[in-house]
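# Descriptive structure summary
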Amino acid sequence: MTTSSSTRSVARVALGQFAVSRDWQENADTVVRLMRDAAAGGAALLVLPEGILARDIADPDIVLTSAQPLDGRFMQQVLAASHGSDLTVMTCIHVPNGRGRVFNVLVTVRDGAIIGSYRKLHLYDAFAAQESVNVEPGDEIPPLVEVAGLKVGTMTCYDLRFPELARRLAVDGAEVIVVPAAWVRGLGKEAHWEVLATARALENTCYLVAVGECGERNIGASMVIDPLGVAIARAGEAPALVFADIDPARIAHARAVLPVLATRRFARPELAAPAAATTAAA
């Protein structure tokens, strides 16, 4: 039997915004500290930025040289810190694909185990950047994860510009969408971040939790947008741990007064076949 939204409890989310260094051990120490502080603050979910193994704006190949498998030393430390805890942690690391490139993997951790993973679908080949040089895209829609009784969908950074993925997650039942990111600075880019995050929340009547890296190249500006497009928590450009409450009653209210999911005329979005497969079939 499904529990009604009126009887479900408010869940606290923590946004762990930080500047990623080029040293994976330093970043692991930061993650473990943020996990401890988020749990102490009563959070059920901690969201961290994208690409937290290592970052160096002078070394574009660092995603290759710093990549670690999901059972590597970085994740071993995160999993050890998670053991025995109800706190769910979501973040992204680069994982070798065995073919000279990496996957950008969003991992979900709870109680010492990886309970979900998603390989980034849309790579940042835009604004003179080309993520696909070193990163291979995934080919599967991310499954939902249950956190504190809420259904949570995941996207990664550039995915935010593709409304089909957010709509698919919402149609599949997502009440919260989490977006770890490393949003690059540039003319108008912070406005893009805010507009897109707000749109994805409002058009799907869900909470959107977007957490950005805040180093030399990226904007930070982490935020939580509620199901009616209201920003209920924000961080600036510096490291921060920000808390917000996710209220199931707010989701139910939004979907009652703005029933866009129930009254939509389009079918559930489906992932297109990879270009190579499409060409071969033609």
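If you're wondering where the values come from, they're calculated on a predicted model, not measured in any experiment.

### Overview of the overall build of the chain
Scanning the chain from terminus to terminus reveals eight helices and 12 strands. In terms of overall dimensions, the chain is globule-like: its C-alpha atoms have a radius of gyration of 18 Å, near the 19 Å expected for 282 residues. Taken along its principal axes, the extent of the C-alpha atoms in the chain is 55 × 50 × 40 Å. A buried classification covers 50% of the 282 residues belonging to the chain. Taking the intrachain contacts of the chain between residues at least 6 apart in sequence as the baseline, contacts between residues at least 24 apart amount to 70%. Taken as a whole, the chain presents about 12600 Å² of accessible surface, with 54% of it coming from carbon and sulfur.

### Observations regarding the sheet that holds strand 5 (residues 113–119)
One open sheet accounts for six strands, arranged 5-4-3-2-1-12; its pairing is mixed. Two strands lie at the open edges of the sheet, namely strand 5 and strand 12 (240–246), each paired on one side alone. In this sheet, adjacent strand axes meet at a mean angle of 30 degrees when their direction is disregarded. By the bridge criterion, three bridges tie strand 2 (residues 45–47) to strand 3 (residues 88–96) in an arrangement that is parallel. Paired with Val-47 across the strands is Met-90, a residue of strand 3.

### Here's the deal with the side chain of Thr-88
With respect to the helices and strands, the residue Thr-88 is situated in strand 3. On the accessibility criterion, Thr-88 (1% relative accessible area) is buried. Residue contacts for Thr-88: discarding those within four places in its chain leaves Ala-44, Leu-45, Leu-46, Thr-108, Val-109, Arg-110 and Val-147.

### Examining unusual backbone geometry
The backbone phi angle of Asp-111 is positive, close to 50 degrees, even though this residue is not glycine. Its location among the elements puts Asp-111 in the loop between strand 4 (102–110) and strand 5. Residue Asp-111 is classed as partly exposed on the basis of its relative accessible area, which comes to 42%. Positive phi, normally seen in glycine, also occurs at Thr-205, with a value near 45 degrees. Within the secondary structure, Thr-205 is located in the loop between helix 5 (189–204) and strand 9 (207–212). The class of Thr-205 is buried, set by a relative accessible area of 0%.

### Some remarks on the packing of aromatic side chains
Taken as a whole and assessed by the stated rule, the structure comprises three aromatic pairs. For the ring pair Tyr-158 and Phe-162, a centre distance of 5.3 Å and an interplane angle of 80 degrees mean the geometry is edge-to-face. Residues Trp-183 and Trp-193 carry aromatic rings whose centres are separated by 5.1 Å and whose planes lie at 50 degrees to one another, so their mutual orientation is tilted. Of this pair, Trp-183 sits in the loop between strand 8 (176–181) and helix 5 while Trp-193 is found in helix 5, placing the two residues 10 residues apart along the sequence. Judged by its relative accessible area of 3%, Trp-183 is buried. Judged by its relative accessible area of 0%, Trp-193 falls in the buried class.

### Side note on helix 1 (residues 24–40)
In this model, helix 1 (17 residues) spans 24 Å end to end at C-alpha, consistent with the 24 Å of a helix rising 1.5 Å per residue. Taken together, the buried positions of helix 1 are occupied by Trp-24, Asn-27, Ala-28, Thr-30, Val-31, Leu-34, Met-35 and Ala-38. The buried side chains of helix 1 occupy one side of the element, clustering within an arc of 160 degrees when seen end-on. Exposed positions of helix 1 whose direction lies more than 90 degrees from the buried face are Arg-36 and Ala-40. Residues of helix 1 that are buried sit in contact with strand 1 (11–17), strand 2, helix 3 (73–82), strand 3 and strand 12.

Here is what the cut-offs are and how they apply
Residues numbered from 1 in each chain as written. Predicted model: local features only at pLDDT ≥ 70, side-chain atom pairs only at ≥ 80, totals over all residues. Heavy atoms only, no water. Helix = DSSP H or I, 4+ residues; strand = E, 2+ residues; numbered from the N terminus. Rg over C-alpha atoms; globule rule 2.2 N^0.38 Å. Buried < 20%, exposed > 50% of the residue type's maximum accessible area, 1.4 Å probe, protein only. Contact = heavy atoms within 4.5 Å. Areas by Shrake-Rupley, 256 points an atom, 1.4 Å probe, with all protein chains shown as cover. Pairing = 2+ DSSP bridges. Axes fitted to C-alpha atoms, helices over the stretch in contact; angles between N-to-C directions. Phe/Tyr/Trp six-rings, centres within 6.5 Å; stacked < 30°, edge-to-face > 60°. Expected span 1.5 Å × (residues − 1). Arc of directions from axis to C-beta.

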